[in-house]
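# Coordinate analysis (summary)
If you want the building blocks of each chain, they are given just below.
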Amino acid sequence: QVRLVESGGGLVQPGGSLRLSCAASESIFSTYAMAWYRQGPGKQREWIARFTSSGSTVYADSVKGRFTISRDSAKNTMYLQMNSLKPEDTAVYYCNGRWGVNDKWGPGTQVTVSA
């Protein structure tokens, strides 16, 4: 059973940075389509960054130029570097892995951007 666990969330001031991690319980990056989502207070969960099947990266307009998705296959860990954070980035951040009918989610990590 594949498990994903996010970490690295916290409280940060506007303009600050955080790096989130998503640790997978086994080697899945060559098989699973990996992505980051977030859910802000009172909002629906939204996709923000993902890897394509060719390994390229794609970003939602709301985070493009500020966030960077990456992965270290040797460590079975995916990252989300978040720079120039804004109050509207406040949300629970989730990592997601999909392969066929398998749709795995981590429990999420809270990011709060506030002065």
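## Remarks on the overall build of the protein
The secondary structure content of the protein amounts to zero helices and 11 strands. In the protein, the order of α-helices and β-strands from amino to carboxyl end is β-β-β-β-β-β-β-β-β-β-β. Out of the 115 residues belonging to the protein, those deemed buried represent 42%. Pairs at least 24 apart in sequence give 54% of the contacts found in the protein among residues at least 6 apart. Just so you have it, the protein exposes about 6100 Å², and 46% of that area is on carbon and sulfur atoms.

## Describing the sheet that holds strand β8 (residues 77-82)
With antiparallel pairing, four strands are arranged side by side in an open sheet as β1-β3-β8-β7. Strands at the two margins of the open sheet, each flanked by one partner only, are β1 (4-7) and β7 (67-72). In this sheet, adjacent strand axes meet at a mean angle of 15° when their direction is disregarded. With four bridges connecting them, β1 and strand β3 (residues 18-24) associate as antiparallel partners. When the bridges of β3 are listed, Ser-7 appears paired with Ser-21.

## Concerning the state of the cysteines
A full pass over the atoms with the stated rule returns one disulfide. Covalent S-S linkage joins Cys-22 and Cys-95, the inter-sulfur distance amounting to 2.1 Å. Handedness here is read from the sign of the S-S torsion; for Cys-22 and Cys-95, about 65°, the answer is right-handed. Of this pair, Cys-22 sits in strand β3 while Cys-95 is found in strand β9 (residues 91-99), placing the two residues 73 residues apart along the sequence.

## Notes on the pattern of salt bridges
Under the defined criterion, the tally for this structure stands at five salt bridges. Residue Glu-46 is joined to Arg-38 by a salt bridge in which the shortest nitrogen-to-oxygen separation is 2.7 Å. When the shortest N-O distance is used, the salt bridge between Asp-103 and Arg-98 registers 3.1 Å.

## Describing unusual backbone geometry
Despite not being glycine, Asn-76 shows a phi value in the positive range, around 50°. Residues other than glycine seldom take positive phi values, yet Ser-84 does so here, at roughly 50°. Topologically, Ser-84 is positioned in the loop between β8 and β9. Ser-84 sits in the partly exposed class, given a relative accessible area of 41%.

Conventions and cut-offs
The residue numbers shown here count from 1 along each chain, following its written sequence. Totals for whole chains, interfaces and linings use every residue, but because this is a predicted model, local features are given only for residues with pLDDT of at least 70 and side-chain atom pairs only at 80 or more, for both listing and counting. Only hydrogens and water are set aside; all other atoms, that is, all heavy atoms of the structure, feed into the side-chain values. By the criteria applied, helices consist of DSSP H or I runs no shorter than four residues and strands consist of E runs no shorter than two, each listed in order from the N terminus. Accessible area is worked out with a 1.4 Å probe on protein chains only. A residue is then buried under 20% of its type maximum, exposed over 50%, and partly exposed in between. Note on contacts: a residue pair qualifies if any of its non-hydrogen atoms lie within 4.5 Å across the two residues. Only the protein chains shown count as cover for residues, and all accessible areas are computed by the Shrake-Rupley method using a 1.4 Å probe. By definition, two strands form a pair when at least two bridges between them are found by DSSP. In this description, a line fitted to the C-alpha atoms serves as the axis of each element, helices being fitted only across the stretch in contact, and the angle between N-to-C directions of two axes falls anywhere from 0 to 180 degrees. Defined by distance alone, a disulfide is two cysteine sulfur atoms within 2.5 Å. Whenever a carboxyl oxygen of Asp or Glu lies within 4 Å of a side-chain nitrogen of Lys or Arg, that contact is scored as a salt bridge.

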